[in-house]
Protein chains: 2
Amino acid sequence: MSSATLNTDALSQRLADSGLRSTPQREVVYDVLLKKRDHPTADEVFARVKNGLPTISLATVYNCLETLVQCNLVRAVNFERGPTRYCPNLLPHAHFHDEKTGKTHDIDLPADLLEKVNSVLPPGYNPSSVEIIFRGKATGEVASSG
Amino acid sequence: MSSATLNTDALSQRLADSGLRSTPQREVVYDVLLKKRDHPTADEVFARVKNGLPTISLATVYNCLETLVQCNLVRAVNFERGPTRYCPNLLPHAHFHDEKTGKTHDIDLPADLLEKVNSVLPPGYNPSSVEIIFRGKATGEVASSG
DNA sequence: CTTGCACCTTAGAACCATTCCAATTTGTTG
DNA sequence: CAACAAATTGGAATGGTTCTAAGGTGCAAG
């Protein structure tokens, strides 16, 4: 069983769980996100998806991305103003936004750090998620991630 | 010396440091931000500023906000898609975005937590700033802040 | 002063990302 | 296969922001 099949299965499963259908468009959009994890915008996804599915429309790309976010298969990320970016990394992670290259790197977050971060909240605050965004420069050549 | 005078002085000072002029528009925009710290959008700032300066234009509000951000007197904040919000709190702090009320609360961040957060970065990453955003519900009545 | 010049403000046009809409297509179920 | 629901499509509409060109403002040198 190929990894593509695994992904497709995972996708159909999640969609089915939400009472939604698996469609070629949704599959290709998801595959595109998994294949190049550089936090693409909807436009960039659109461009990549057209290779495999030349007649897809931008509106559909937006719809599919929205659907994937609903199903918790993809995270939508907004650093500063500008187009929303999409990220198929589901593990808890922060983002490092390199001001020089414009690229965004995923930074794994250990569970105990998340705990400490949550502990700064006064009683009465019940977080459902935390997002951590670094900005700065990455010197030398660290592993690239869009 | 009134607090408004203090603010105005601080503002002129910072502007002068950057070779910029203090103008009525810039002063009023800054005062508006200081007076009601509910993370307003540019449109909301525009509406408030018009009370004191009825002929100001939206473009100028955008210009002034941009200037204040440049001078490090104000932070621009973007939770998810939607208009940028502005925050005159210069101390290191996180934001808690209440999904029920839509309001945003400032959460003070102790220095040692920032250190720990920074320490998750692998060598080669040099952050110039960190942003932490919580989402969730604030139960009971915690101090309100926009 | 008063002329020149850089900085600011202004209104409206332009722009870009996204959402909406109405029509069509696809897939499923009876 | 008929009927209906879910998805896709292209284009129009929207909302926030930036751009542009024209006019004001205030200091600086003569």
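Throughout this document, residue positions are counted from 1 along each chain, in the order its sequence is written. Numbering of ligands from 1 and lettering of chains from A proceed in the order in which they are written. For a predicted model such as this one, the threshold for reporting local features is a pLDDT of at least 70, and the threshold for listing and counting side-chain atom pairs is 80 or more; totals across whole chains, interfaces and linings nevertheless cover every residue. The side-chain values count all of the structure's non-hydrogen atoms but skip hydrogen atoms and water molecules.

**Digging into the protein's contact with DNA strand C**
Thinking step 1. In the region of DNA strand C, 20 residues are neighbours, and Tyr62 and Thr84 of chain A together with Arg21, Thr23 and Thr60 of chain B sit closest.
Thinking step 2. Within 4 Å of the protein, the contacting atoms of DNA strand C are 76% sugar and phosphate, with bases supplying the remainder.
Thinking step 3. Under this definition, polar contacts are N or O atom pairs within 3.5 Å; protein pairs additionally need one hydrogen-donor-capable and one acceptor-capable atom, and for neighbouring residues in sequence, both atoms have to be side-chain atoms. In the environment of DNA strand C, a phosphate oxygen lies 2.5 Å from a nitrogen or oxygen atom belonging to the side chain of Tyr62 of chain A.
Thinking step 4. Between DNA strand C and Thr60 of chain B there is a distance of 2.7 Å, counted from a phosphate oxygen to a side-chain nitrogen or oxygen.
Thinking step 5. For the surface near DNA strand C, the elements supplying multiple residues, two or more each, are α3 (42-52) and α4 (58-70) of chain A together with α2 (24-35) and α4 (58-70) of chain B.
Thinking step 6. Partitioned by chemical class, the residues of the surface near DNA strand C number 8 nonpolar, 7 polar and 5 charged. The near set for a molecule or strand comprises every residue that places at least one heavy atom within 4 Å of it. Secondary structure counts use DSSP, requiring at least four H or I residues in a row for a helix and at least two E residues in a row for a strand, with both numbered from the N terminus. Each residue gets one of three labels, nonpolar for Ala, Val, Leu, Ile, Met, Phe, Trp, Tyr, Cys and Pro, charged for Asp, Glu, Lys and Arg, and polar for the others, Gly among them.

**Regarding the domain arrangement of chain A**
Residue and element names in this part refer to chain A.
Thinking step 1. For the purposes of this description, domain bounds are those given by an automatic or database domain assignment. With domains assigned, chain A is organised as domain 1 (3-87) and domain 2 (93-136).
Thinking step 2. For domain 1 and domain 2, the distance between their C-alpha centres works out to 23 Å.
Thinking step 3. Take the accessible area each of two parts loses on contact, using a 1.4 Å probe, and add the two losses: that sum is the buried area. Of the roughly 720 Å² buried between domain 1 and domain 2 on both sides combined, carbon and sulfur atoms contribute 52%.
Thinking step 4. Together, His39, Arg75 and Phe79 form the three largest contributors to the area buried by domain 1 at its contact with domain 2, with a combined 65%.

**Side note on the packing of aromatic side chains**
Thinking step 1. Note on ring pairs: Phe, Tyr and Trp rings are taken, using the six-membered ring of Trp, and paired if centres are within 6.5 Å. Classes follow the plane angle, with under 30 degrees stacked, over 60 edge-to-face and the rest tilted. A complete count under the given rule lists 4 aromatic pairs over all chains for this structure.
Thinking step 2. A centroid spacing of 6.4 Å and a plane angle of 25° characterise the contact between Phe96 of chain A and Phe134 of chain A, whose relative ring orientation is stacked. Taken as a pair, Phe96 of chain A in strand β3 (residues 93-98) and Phe134 of chain A in strand β5 (residues 125-138) lie far apart in primary sequence, 38 residues in all.
Thinking step 3. Members of the aromatic cluster, joined through ring pairs, are Phe96 and Phe134 of chain A together with Tyr125 of chain B.

**Notes on the sheet that holds strand β3 (residues 93-98) of chain B**
Across a sheet, paired strands are connected by hydrogen bonds in the backbone, their directions being either parallel or antiparallel.
Thinking step 1. Between any two strands, pairing holds if DSSP finds at least two bridges. Read from one edge to the other, the open sheet built from 6 strands follows the order β4(A)-β3(A)-β5(A)-β5(B)-β3(B)-β4(B), with strand pairing classed as mixed. Across the chains shown, the open sheet's two edge strands, defined by having one partner strand only, are β4 (104-108) of chain A together with β4 (104-108) of chain B. In this sheet, neighbouring strand axes are inclined to one another by 25° on average, regardless of whether the strands run parallel or antiparallel.
Thinking step 2. In terms of strand pairing, β3 of chain A meets β5 of chain A through 4 bridges, oriented parallel. Paired with His97 of chain A across the strands is Arg135 of chain A, a residue of β5 of chain A.
Thinking step 3. Sheet strands in contact with helix α5 (residues 111-118) of chain A are β5 of chain A together with β5 (125-138) of chain B, and its direction is about 110° off that of β5 of chain A. Each axis is a line fitted through C-alpha atoms, and for a helix only the stretch in contact is used; angles between axes span 0 to 180 degrees, taken between their N-to-C directions. Residues count as neighbours in contact if any of their non-hydrogen atoms are within 4.5 Å of one another.

**Structural notes on the pairing of β4 of chain B**
Residue and element names in this part refer to chain B.
Thinking step 1. Two elements, β3 and β4, share 5 bridges in a ladder whose sense is antiparallel. Directly across from Ala94, in β4, lies its bridge partner Ile107.
Thinking step 2. Counting the residues that bridge the hairpin from β3 to β4 gives 5 residues, and of these Gly102 lies at a positive phi of roughly 80°.

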